[in-house]
Amino acid sequence: LTVKTADAGKVYDGIPLSKPDGYSVEYYGDNSKQGLLNGDSLTLKTFNSIVNATNFAENECTYDVPNANYDIKEYIYGTLIITPRPITVITNTNASHIYDATVFSDAGYQTHYYGDNTKQGLLNGDGLTVKTFKSVTNALNYVANECTYDVPNANYEIKDYSYGTLTIEKKWLSIIPYDCN
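Cut-off values and rules
- Residues numbered from 1 in each chain as written.
- Predicted model: local features only at pLDDT ≥ 70, side-chain atom pairs only at ≥ 80, totals over all residues.
- Heavy atoms only, no water.
- Pairing = 2+ DSSP bridges.
- Helix = DSSP H or I, 4+ residues; strand = E, 2+ residues; numbered from the N terminus.
- Axes fitted to C-alpha atoms, helices over the stretch in contact; angles between N-to-C directions.
- Phe/Tyr/Trp six-rings, centres within 6.5 Å; stacked < 30°, edge-to-face > 60°.
- Buried < 20%, exposed > 50% of the residue type's maximum accessible area, 1.4 Å probe, protein only.

(A) View of the sheet that holds strand 9 (residues 85-91). Pairing within the open sheet is mixed, and its four strands lie in the order 12-11-9-16. With one partner strand each, in any of the chains shown, strand 12 (116-120) and strand 16 (156-162) form the two edges of the open sheet. Across the sheet, the mean angle from the axis of one strand to that of its neighbour is 50°, orientation sign disregarded. When strand 9 meets strand 16, the two strands line up parallel, connected through six bridges. Its bridge partner lying in strand 16, I87 is registered against I158.

Here you go:
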């Protein structure tokens with residue numbers, strides 16, 4: 001017999017990908033003949049899985065034959081592929097900083113699945129690393145909070161940014177007149 005395992009793929013979600021149930025069987029050396037007869041089926045012996053985004057991995061499964069009437073001569077492995085999870089990064093908007101003569105920045109962010117803000121972006125406690133960020137010093141300067149980030153590993157790909165705004169509010173002063181008399 002020749003056993004061909006199936007291909008499978010998905011976007012990274014932190015859950016292992018395997019496909020042990022997807023196989024086909026042919027008569028070894030002549031694929032025009034039926035492999036298994038009389039409703040016989042193979043029994044799964046071993047299989048592999050992948051969790052992280054990779055170029056690919058072979059879907060290496062091995063099977064036991066149902067009885068002595070069969071012998072597996074060849075395996076042709078399918079491919080397992082996990083692609084990076086596409087994410088959108090939304091930088092913080094902060095309008096609550098009051099002028100204090102210091103540089104103000106806010107590299108905080110949220111993420112969601114690119115194209116669907118109802119789905120989670122980063123998974124399993126993963127976080128981004130700040131690469132660049134904007135800052136503001138003076139009151140009434142409105143600056144787009146243009147931060148850029150590095151992804152933690154190959155499981156993610158930043159597809160889009162949505163920038164918040166940094167604002168410094170005026171510092172209000174109290175003036176108490178001095179009695180000159």
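(B) Region of the structure containing unusual backbone geometry. A positive phi angle, close to 55°, is found at N38, a residue other than glycine. Its place among the elements puts N38 in the loop between strand 3 (23-26) and strand 4 (43-46). We note that A101 has phi near 70°; this positive angle belongs to a residue other than glycine. Mapping A101 onto the fold places it in the loop between strand 10 (94-98) and strand 11 (109-113).

(C) Region of interest: the environment of K131. Take K131: it is sitting in strand 13 (residues 129-132). Along the chain, K131 and S105 lie 26 residues apart, while their C-alpha atoms are 13 Å from each other.

(D) The arrangement of the packing of aromatic side chains in detail. Applying the stated rule across the entire model yields six aromatic pairs. A centroid spacing of 4.7 Å and a plane angle of 50° characterise the contact between Y23 and Y63, whose relative ring orientation is tilted. Here Y23, found in strand 3, pairs with Y63, found in strand 6 (residues 62-64); they are 40 residues apart in sequence, far enough to count as distant. Of the residues examined, Y63 reaches a relative accessible area of 4% and is grouped as buried.

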